[in-house]
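# Coordinates in review
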Amino acid sequence: MSLQIQMLGTGSAFAKNYYNTSALIRSTDVNILIDCGATTPRSLAEIGLELDQIDGILISHIHADHVGGLEEVAFRLFYQYNQKRTKLYVTEALAQTLWENTLKGGLSNPTEGFNQLGDYFDLVYLEEYVPYVIDTNLTIEVIPTLHINQKLNYSIFINHRTFYSADIQFNKELLIQEVVHTRNCHTILHDCQLSGSGFVHTTLGELLTLPAEIQKRIYLMHYDDDMPSYYGQTGEMTFVQQHALIDISG
Ligand SMILES: Nc1ccn([C@@H]2O[C@@H]3COP(=O)(O)O[C@H]3[C@H]2O)c(=O)n1
Ligand SMILES: [Zn+2]
Ligand SMILES: [Zn+2]
């Protein structure tokens, strides 16, 4: 069984040298996208993956660097790929706000009678803390995490053993207790704000307070353009590079 994560982008919301952070879970049988920022369709084109090869899209939260490419994907699947549908993995609450507050303006079409997310995507509602089996080789689970006060936000477990933070404020207890001690995740993909205070993101300084044994499992993503100047300053952690493939089959 082959299971890999390919980073489509590794940059922060405002990075210009790196695409928006999003990832492709590539299993033997399916390709599942985690988030779809404004730059994600370009990145997909660069790796030669057609939109109709994506079996589903999982959304963490509704900032534009995570959902800004969804309108393009929806329109192109419908008009360029012969009304091809893909699955959208979301909690019901997130689906509601994703449509009402992000996508409705562009995607609603009174002439065609399109007025809901389900007119473009096959909605698969995830329950928080409930593993969802996509196929025999791939299970995903979303857990609510804190990013912006009072805004829905999810982190993701893949096959129980890989943790994808998406955007979160530092949560040391979650990482130590749940991610490492309880689940023994071998791979942790974590957002990383390199400088300044981490009001809505986790900072490099905060991640450096983790034990080396945990740092070894961490790939840093969602970084700013000055990332190269931090080489050698990330303890046991590694910057994941755009389009890099990480084997998570273990
Ligand atoms: N309270 C907030 C809200 C947002 N932001 C910045 O806006 C970006 C939106 O995308 P992001 O990737 O979540 O990163 C956020 C912060 O840079 C911020 O710095 N403080
Ligand atoms: Zn972001
Ligand atoms: Zn965000």
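Looking at an unreviewed UniProt entry, one finds the chain named MBL fold metallo-hydrolase and attributed to Paenibacillus pectinilyticus. In its Function (unreviewed entry) section, UniProt records this for the chain: "Counteracts the endogenous Pycsar antiviral defense system. Phosphodiesterase that enables metal-dependent hydrolysis of host cyclic nucleotide Pycsar defense signals such as cCMP and cUMP."

Turning to the coordination of the zinc ion (ligand 3), a few remarks are in order. Of the protein atoms, only His61 (NE2), His63 (ND1), His147 (NE2) and Asp167 (OD) coordinate the zinc ion (ligand 3), at distances of 2.2 to 2.3 Å. Here the donor residues for the zinc ion (ligand 3) map to a single chain with the spacing H-x1-H-x83-H-x19-D. The distance between the zinc ion (ligand 3) and the zinc ion (ligand 2) comes to 3.6 Å, with aspartate 167 serving as a donor to both metals. In this pair, histidine 63 sits in the loop between strand E4 (56-58) and helix H2 (64-67) while histidine 147 sits in the loop between strand E8 (138-144) and strand E9 (154-158), placing the two residues 84 residues apart along the sequence. The buried category is assigned to histidine 147, whose relative accessible area is 3%.

All right, on to helix H3 (residues 70-79) then. It helps to recall that an α-helix has 3.6 residues per turn; residues three or four apart then point in one direction. Restricting attention to buried positions, one finds in H3 the residues Leu70, Val73, Ala74, Leu77 and Phe78. Down the axis of H3, the buried side of the element spans an arc of 120°, and every buried residue falls inside it. If you follow the buried residues of H3, they end up packed against helix H1 (40-46), E4, H2, strand E5 (87-91) and helix H4 (92-107).

This part takes up the packing of aromatic side chains. Taken as a whole and judged by the stated rule, the model has 11 aromatic pairs. Here phenylalanine 157 and phenylalanine 163 contribute two aromatic rings whose centre-to-centre distance is 5.2 Å and whose plane-to-plane angle is 50°, an arrangement assigned as tilted. Both residues of the pair, phenylalanine 157 and phenylalanine 163, belong to the buried class. An aromatic cluster is present here, built from Phe75, Phe78, Tyr79, Phe114 and Tyr120 joined pairwise through their rings. Between the NZ or CZ atom of arginine 183 and the centre of the ring of phenylalanine 157, over which it lies, the distance is 3.7 Å.

So, how was this worked out
Residues numbered from 1 in each chain as written. Chains lettered and ligands numbered in written order. Predicted model: local features only at pLDDT ≥ 70, side-chain atom pairs only at ≥ 80, totals over all residues. Heavy atoms only, no water. UniProt positions renumbered as here; feature names shortened; annotations may be inferred. Donors = N, O, S within 2.8 Å, 3.2 Å for Na, K, Ca; no water. Helix = DSSP H or I, 4+ residues; strand = E, 2+ residues; numbered from the N terminus. Buried < 20%, exposed > 50% of the residue type's maximum accessible area, 1.4 Å probe, protein only. Arc of directions from axis to C-beta. Contact = heavy atoms within 4.5 Å. Phe/Tyr/Trp six-rings, centres within 6.5 Å; stacked < 30°, edge-to-face > 60°. Lys NZ or Arg CZ within 6 Å of the ring centre and 35° of its normal.

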